[in-house]
Amino acid sequence: MQGWRVGWMGLLLLGVGLLAVYLWPRPKPLTTQPSPPTVVHPASPLAPFAQRAVPVPEDNPQTPAKVELGRRLFFDPRLSKDGKVACASCHKPEFAFSDGGKPVSTGIFGRQGSRNAPSLTNVAFRRHLFWEGRSPRLELQAVGPLTAHDEMGMEPEELAQRLGAIPEYAKAFQEVFGEPPTLKTTTYAIAAFERTLLSYNSPFDRYQAGDDKAMSEAALRGMELFFSEKGDCFHCHVGPEFTDDEPRNTALYTVYKDIGLARATGRDEDVGKFKTPTLRNVALTAPYMHDGSIQTLREAVQHYNQGGQPNLNADALIRPLGLTEAEVDDLVAFLRSLTDESFGTNPAFLPP
Ligand code: HEC
Ligand code: HEC
């Protein structure tokens, strides 16, 4: 009798437990929503890639007014301590929103950073942000530069006060969020603008959309190499964004000054791992790699061709490729064909 009762109690508890697990609030998934009008590039031939819905988090839906506010904030140096540094100071439209020509960027009071500013091309599709992928979404990412000592250096209260005292901002935040500016709403508006930075009008895209003449013969040969087992680039620079968004060690050094992912995890096997960058618009974003140490696309391809430096954590795909000089040139021609010349001149992406 006693045993039976314990058995039933156990079953009942198990049932309640299962129900609780079932009803427990789960993290909300990222939803895809129809893109706002601004995301469709006016010059876009609507190649297949351009038709994918932009992932938008449920708590920050895109609206035209929010995107417009985000654009003003992105280009406004008043968001920084010394009033001289905007997001756009290091993410410049004409360089596909990277810091054209500079290995590392200069923040407030002339302070030097230690990493190369990545391109924001199609950044809405990145699953991990920063060179080691330490930030999961654009809203959180923007807190980094706004408050970093060597970037914009603002305290949250200071930022809220300064923006609240500018009548146009006070009015726009009220209209968009129903509240005065805060660090949170500032990052939400900027993230909404960043999600519109779409670029799908390169010769490669036009070729994909059916224009046989869009790419040169050399670029077509390079494309074949890129996607072949010989070049092996496509394993990491995969899909329409040319990145797997994963941290990888490409044997750039034997001893890395910047230890990459290991900064976050403290694990030996993560030393020298950096997130695979997109290759879209890569011809506009020199110098290359997390530290801007490689000057040209040709040198970048030669790095892979030689198989990098001896490194215990090197990815298995990094090994001498045996490409001829002509094949290296073809790969460079392919990388150049990923350039969307209309991206940096789209009026929707320039200062208001
Ligand atoms: C002083 C130069 C500088 C300023 C100002 C700056 N950034 Fe950056 N940005 C960088 C650098 C350098 C990195 C890479 C840092 C790292 O990985 O640790 C970066 C990374 C990013 C990334 C990650 C991209 C990716 O693919 O991983 C995003 C998004 C971004 N910045 C947006 C912004 C926004 C929004 C602002 C303004 C609020 C801003 N940045 C201000 C230099 C700057
Ligand atoms: C094992 C994965 C992997 C393979 C294979 C690979 N890449 Fe990369 N690529 C990366 C990573 C990771 C970086 C950034 C490394 C760093 O900053 O330390 C990178 C950086 C680059 C850059 C510089 C981009 C920038 O914005 O700084 C270019 C160009 C490039 N790769 C082209 C190629 C080509 C061409 C091939 C084939 C020959 C190739 N990659 C193969 C992972 C890979």
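Residues numbered from 1 in each chain as written. Chains lettered and ligands numbered in written order. Predicted model: local features only at pLDDT ≥ 70, side-chain atom pairs only at ≥ 80, totals over all residues. Heavy atoms only, no water.

With that settled, consider the coordination of the iron atom of ligand 2. The coordination sphere of the iron atom of ligand 2, as far as protein atoms go, consists of His-237 (NE2) and Tyr-304 (OH), spread over 1.9 to 2.1 Å. Between the 6 donor atoms coordinating the iron atom of ligand 2, the angles at the centre fall across 79 to 179°, so the site counts as octahedral. Pair noted here: His-237 is in the loop between helix 9 (217-226) and strand 3 (247-248) and Tyr-304 is in helix 11 (residues 297-306), with a separation of 67 residues, a long-range link. (Donors = N, O, S within 2.8 Å, 3.2 Å for Na, K, Ca; no water. Tetrahedral: all angles 85-135°; square planar, octahedral: opposite > 155°, others 65-115°. Helix = DSSP H or I, 4+ residues; strand = E, 2+ residues; numbered from the N terminus.)

On to the UniProt feature "binding site: heme c 2" (unreviewed entry) in the protein, then. UniProt records the feature "binding site: heme c 2" (unreviewed entry) for Cys-233, Cys-236 and His-237 in the present numbering. Structurally, the position occupied by Cys-233 is in the loop between helix 9 and strand 3. According to the relative accessible area criterion, Cys-233 is buried, its value standing at 18%. Beyond its immediate sequence surroundings of up to four residues, Cys-233 is in contact with Phe-226 and Leu-331. Exposure remark for His-237: the relative accessible area of 9% places this residue in the buried category. His-237 has contacts with Phe-226, Phe-242, Thr-243, Thr-276, Pro-277, Leu-279 and Tyr-304, leaving out every residue within four places of it along the chain. (UniProt positions renumbered as here; feature names shortened; annotations may be inferred. Buried < 20%, exposed > 50% of the residue type's maximum accessible area, 1.4 Å probe, protein only. Contact = heavy atoms within 4.5 Å.)

Right, let's get into the pattern of salt bridges. Opposite charge on two side chains permits them to pair, given that their charged atoms come into close proximity. Applying the stated criterion across every chain, the model contains 29 salt bridges. One salt bridge connects Arg-126 with Glu-241, and the closest N-O pair in it is separated by 3.7 Å. Here the residue Arg-126 occupies a position in the loop between helix 3 (87-90) and helix 4 (138-147), and Glu-241 occupies one in the loop between helix 9 and strand 3, the gap between them amounting to 115 residues. On the basis of relative accessibility, which here comes to 10%, the residue Arg-126 falls in the buried class. Here the residues in one salt-bridge network are Arg-52, Arg-126, Asp-205, Glu-241, Asp-245 and Arg-280, joined through shared partners. (Salt bridge = Lys/Arg side-chain N within 4 Å of Asp/Glu carboxyl O.)

Around a metal, the perfect tetrahedron of four donors has angles of 109.5 degrees, and the perfect octahedron of six donors has angles of 90 or 180 degrees. Coordination of the iron atom of ligand 1 by the protein involves just one donor, His-91 (NE2), at a distance of 2.1 Å. Its place among the elements puts His-91 in the loop between helix 3 and helix 4.

We now examine helix 7 (residues 183-194). With 12 residues, helix 7 extends 16 Å from end C-alpha to end C-alpha; this agrees with the ideal 16 Å at 1.5 Å per step. Of all the 12 residues making up helix 7, 11 are buried; the element is thus mostly covered by neighbouring parts of the structure. Along helix 7, the residues classified as buried are Leu-183, Thr-185, Thr-186, Thr-187, Tyr-188, Ala-189, Ile-190, Ala-191, Ala-192, Phe-193 and Glu-194. In this structure, the buried residues of helix 7 make contact with helix 2 (64-74), helix 3, helix 4, helix 5 (156-164) and helix 6 (167-177). (Expected span 1.5 Å × (residues − 1).)

Around ligand 2 there are 22 residues in total, and Cys-233, Cys-236, His-237, His-290 and Tyr-304 lie nearest to it. Between ligand 2 and His-237 there is a distance of 2.9 Å, counted from a nitrogen atom to a side-chain nitrogen or oxygen. Here an oxygen atom of ligand 2 and a backbone polar atom of Met-289 are 2.7 Å apart. Counting residues per element, the shell around ligand 2 draws most heavily on helix 11, at 3 residues. When grouped by side-chain class, the residues that make up the shell around ligand 2 number 14 nonpolar, 5 polar and 3 charged. (Near = heavy atom within 4 Å. Polar contact = N/O pair within 3.5 Å; in protein donor to acceptor, adjacent residues only side chain to side chain. Nonpolar A, V, L, I, M, F, W, Y, C, P; charged D, E, K, R; others polar.)

Around ligand 1, 27 residues are found, and the nearest of them are Cys-87, Cys-90, His-91, Phe-130 and Lys-275. A distance of 2.7 Å separates an oxygen atom of ligand 1 from a polar atom in the backbone of Phe-130. Among the elements of the structure, helix 3, helix 4 and helix 7 are those that each provide at least two residues to the shell around ligand 1. Residue contributions to the shell around ligand 1 peak at 4 residues, all from helix 4. Per-class residue counts for the shell around ligand 1 are 15 nonpolar, 6 polar and 6 charged.

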